[in-house]
Amino acid sequence: MDYVEQINLENKRKLQELLKELPKFCSDFFRYLDTRNTSSRTRLSYAYDMRLFFAFIQENNPVYAKINMHDIPLKVLDEMTPVDIEEYLAYLSYYEKDSGQAVTNGEKGKSRKLSAIRTMYNYYFKKEFIKTNAPSMIETPKKHKDNIIRLDKDEVAELIATVENGSSLTARQLASHQKTKYRDIAILTLLLGTGIRVSECVGLDVADVSFKNNGMRIVRKGGNESTVYFGEEVSDALLDYLEMERPRLAEKALPEQENAFFLSLKYSRLTTRAVEKLVKKYTQAANINKKITPHKLRSTYGTNLYKETGDIYLVADALGHKSVETTRQHYAAIDDERRKLAGKFSGSIFHEDA
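Attention here is on the structure that accompanies the text. All figures in this text were calculated on a predicted structure; none of them were measured in a lab. (Residues numbered from 1 in each chain as written. Predicted model: local features only at pLDDT ≥ 70, side-chain atom pairs only at ≥ 80, totals over all residues. Heavy atoms only, no water.)

1. A look at a positive patch on the surface
Positive charge collects at one region of the surface, where Arg-41, Lys-108, Lys-221 and Lys-322 lie side by side. Relative to the elements of secondary structure, Lys-108 occurs in helix α7 (residues 107-126). Overall, Lys-108 belongs to the exposed group, its relative accessible area being 69%. (Patch = residues over 30% accessible without salt bridge, like charges linked within 9 Å, V, L, I, M, F, W, Y side chains within 5 Å. Areas by Shrake-Rupley, 256 points an atom, 1.4 Å probe, with all protein chains shown as cover. Salt bridge = Lys/Arg side-chain N within 4 Å of Asp/Glu carboxyl O. Lys, Arg positive; Asp, Glu negative; His and termini not counted. Charge placed at Lys NZ, Arg CZ, Asp CG, Glu CD. Helix = DSSP H or I, 4+ residues; strand = E, 2+ residues; numbered from the N terminus. Buried < 20%, exposed > 50% of the residue type's maximum accessible area, 1.4 Å probe, protein only.)

Next comes the structure, spelled out in structure tokens:
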């Protein structure tokens, strides 16, 4: 069983557990989602969002507060009004989990959770199980465009140099750094040099990477396979890790883990969370005053590729975006820069060459 299959199996297991909590009628909805070829991650995300929605109902409706969530009837959807949905979105701005942990949501988080509820309502409404569709009457929270956070060339050089020499790391960090320096350089170089997602990075197996053609097989978001090619810098970093550190880590790896390309000091496949912490550790040590995550390294790659080629379709393909419009939205600011530059060049038509 490869990494993606393991993740899908774990997501399905978690969904089965959540269905024991969610209202009984939700099972029909999730069977429908399964027929729509949605990913296991999407279905699990919907389940978490729906549990939060029904928990809100129980918290604010004394009738349903007295019964188990699993026993909430389908008619509750008809009882919800547009105002109730607006109150739910307001609730999402700040609420506390049972553990007391505070949770906040901005426009993006609210939009995603509203989308999950809309999808559920649309299913039951089209099947004529309910007569009203309150979420369809609510406008999607307006999302403000965030500036793209990325590294410039000097920051990339400083980041890699920090990993190479271990400067500014604590004594505790240095202890592990001595065992994983080449692995960490390989990971950062791979993310910066190909723009793959962190999940695609940790999902790599040794057999997925070919140095004959400098390409690797990855499973994209949604389950589609793709071949991503890399340059000599990435190739050198990966080969250094394979020669200098991976053999020692693989010696003690369990049979089901030994095929993983990137291994942890616990001799198991590196997790996405571990890579996120790794990126944070080194960017802080490099004194980079930006909130850098693996996704921001992906943005760095995409930005540089777009600036060098001006080909939005190439960038969309390289990043594995299903729609080029997704890519356009992410790199709209660069388009504005290019348009301004075009405006400045247009002035040359009115002047003779010197």
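2. Concerning helix α11 (residues 232-244)
Compared with an ideal rise of 1.5 Å per residue, which puts 13 residues at 18 Å, α11 spans 18 Å between its outermost C-alpha atoms and is within 8% of the ideal. Here α11 has its buried residues at Val-234, Ser-235, Ala-237, Leu-238 and Tyr-241. Burial along α11 is one-sided: seen end-on, the buried residues are contained in an arc of 165°. Within α11, the exposed residues directed more than 90 degrees away from the buried face are Glu-233 and Glu-243. (Expected span 1.5 Å × (residues − 1). Arc of directions from axis to C-beta.)

3. With respect to the nonpolar core
Nonpolar side chains tend toward joint burial in soluble globular proteins. Counting residues in each nonpolar core, the largest one holds 43 residues, and the members touching the most others are Leu-188, Met-216 and Phe-262. For this core, the elements supplying multiple residues, two or more each, are α8 (153-165), α9 (171-194), α10 (198-202), β4 (215-219), α11, α12 (246-251) and α13 (272-285). At seven residues, the largest contribution of residues to this core is made by α9. Beyond its immediate sequence surroundings of up to four residues, Met-216 is in contact with Leu-190, Thr-194, Ile-196, Leu-204, Asp-208, Val-209, Ser-226, Thr-227, Val-228 and Phe-230. By size, the runner-up hydrophobic cluster in this structure holds 40 residues, among which are Leu-15, Met-50, Met-69 and Tyr-88. (Core = buried A, V, L, I, M, F, W, Y, C linked by side-chain atoms within 4.5 Å. Contact = heavy atoms within 4.5 Å.)

4. Examining the pattern of salt bridges
Should the charged atoms of two oppositely charged side chains come close, the side chains can pair. Per the counting criterion, the structure on display carries 15 salt bridges. One salt bridge in this structure joins Lys-290 and Glu-155, with 2.8 Å as the shortest N-O distance. Linking Lys-290 in the loop between α13 and α14 (294-309) with Glu-155 in helix α8, this pair joins segments that are 135 residues apart in sequence. Residue classification places Glu-155 among the buried positions, given a relative accessible area of 16%. The closest approach of N and O atoms between Asp-184 and Arg-183, which form a salt bridge, is 2.9 Å. Relative accessible area serves as the criterion here: at 0%, Asp-184 is assigned to the buried category. For Arg-183, a relative accessible area of 8% translates into the label buried. Shared partners join several salt bridges into a network, and the residues in it are Arg-197, Glu-200 and Arg-220.

5. Some remarks on the sheet that holds β4
Strand order in this open sheet of three strands is β3-β4-β5, and the pairing throughout is antiparallel. Because the sheet does not close on itself, it has two edges, and the strands there are β3 (209-210) and β5 (225-229). Alignment of β3 against β4, held across two bridges, turns out to be antiparallel. Across the sheet, Val-209 pairs through a bridge with Met-216, a residue of β4. (Pairing = 2+ DSSP bridges.)

All we've got here are geometric facts, nothing functional implied.
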